[in-house]
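# Results of the structural survey
Next come the chains, spelled out residue by residue.
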Amino acid sequence: MIRKAIILILFIFSFSVVHAQDSYIKNRWNIKAGYASYPGIYVSKSGMKVTYGNYRVEANYGILNFLEVGGYLGYSRLASYLPVVGKFIWENQNTPFAGININLQLLPFIVKSPDFRFDLYLLGRYGGAYYSSPENYYPYKGLQFQYEHGLGVAFYLWKHVGIFGEYSFGLLAKPSGNFRGGLTVKW
C-alpha cells in the first residue's frame, strides 16, 4: 500500500514538473509597487494614528518555471513609545525596511499558455525594519526582524502592466492579517 502511494506521488510530481516546462514564469522580471496599512498603537487623546501607510517596491525574477525570487525595499512612518506610569509618551519614526521575497507560482502547473494574464502565488517575505527610536523607547533602536506569509494574485490588464493584491500574516502585519495592493509590471 505504501509503495503504491509513493509511486502515485512520484507520478504526480513528474507530471507536474513536465507540464511546468511550458511556464511563462521562468526568466521573467516582475516589479511591484504597493501600499498597505499597518497598525499603530492607539492611545486616546494622543493624536497618534491608528494605522500607518506602508510603501513597498519589490523586484522578482523567475528562476524556475514556477518559482520567483527577489528583494524589496520599503518605508513606513511608525510610532515608538515609552510607557510611563499611567500614560504613554510616543514619537513617530521614519522606518525603512528591506528583505528578500519568494513567490511560489501555482498556475504554471495548470495553465500551459506561454503568456497568461493571471498570477496566483504563495508568498514569503523575510527581512528587517530599522527603527530609529530614542533610548528606552519600544521598539528598540536598530534592526528588527520581520516576516510575512500569504497568498497573492495579479491580473495584467495589458500585456505587461497590471494590478495585484496580497493577503498575508506575520510579524508587523495585523494579527488578523494584512492586505497589500498596487501596480505590477512584467517583461
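Rules of the game
Residues numbered from 1 in each chain as written. Predicted model: local features only at pLDDT ≥ 70, side-chain atom pairs only at ≥ 80, totals over all residues. Heavy atoms only, no water. Helix = DSSP H or I, 4+ residues; strand = E, 2+ residues; numbered from the N terminus. Polar contact = N/O pair within 3.5 Å; in protein donor to acceptor, adjacent residues only side chain to side chain. Salt bridge = Lys/Arg side-chain N within 4 Å of Asp/Glu carboxyl O. Buried < 20%, exposed > 50% of the residue type's maximum accessible area, 1.4 Å probe, protein only. Patch = residues over 30% accessible without salt bridge, like charges linked within 9 Å, V, L, I, M, F, W, Y side chains within 5 Å. Areas by Shrake-Rupley, 256 points an atom, 1.4 Å probe, with all protein chains shown as cover.

## Concerning the environment of Asn101
By the element assignment, Asn101 lies in strand E4 (residues 87-105). Remark: the alpha-carbon pair of Asn101 and Val69, spanning 32 residues in sequence, is separated by 5.7 Å. Separated by 2.2 Å, the side chains of Asn101 and Asn60 make a polar contact.

## Notes on the pattern of salt bridges
Under the definition given, this model contains seven salt bridges. For Arg28, the salt bridge is made with Glu68, and the minimal N-O distance between the two is 2.9 Å. A residue pair is termed long-range when its members are at least 10 positions apart, and Arg28 in the loop between helix H1 (2-19) and strand E1 (29-39) and Glu68 in strand E3 (residues 67-84) qualify at 40 residues. Glu68 carries the same exposure label as Arg28, and that label is buried. Here the residues in one salt-bridge network are Lys32, Glu58, Arg125 and Glu166, joined through shared partners.

## Observations concerning a nonpolar patch on the surface
On the surface, Trp29, Ile31, Val57, Leu157, Trp158, Val161, Ile163, Leu183, Val185 and Trp187 cluster together into a nonpolar patch covering about 950 Å² of accessible area. Of all the secondary-structure elements, those providing two or more residues to the nonpolar patch are E1, strand E7 (161-171) and strand E8 (178-186). Position of Leu157 relative to the elements: it lies in the loop between strand E6 (142-156) and E7. Residue class for Leu157 comes out partly exposed when judged on its relative accessible area of 39%.

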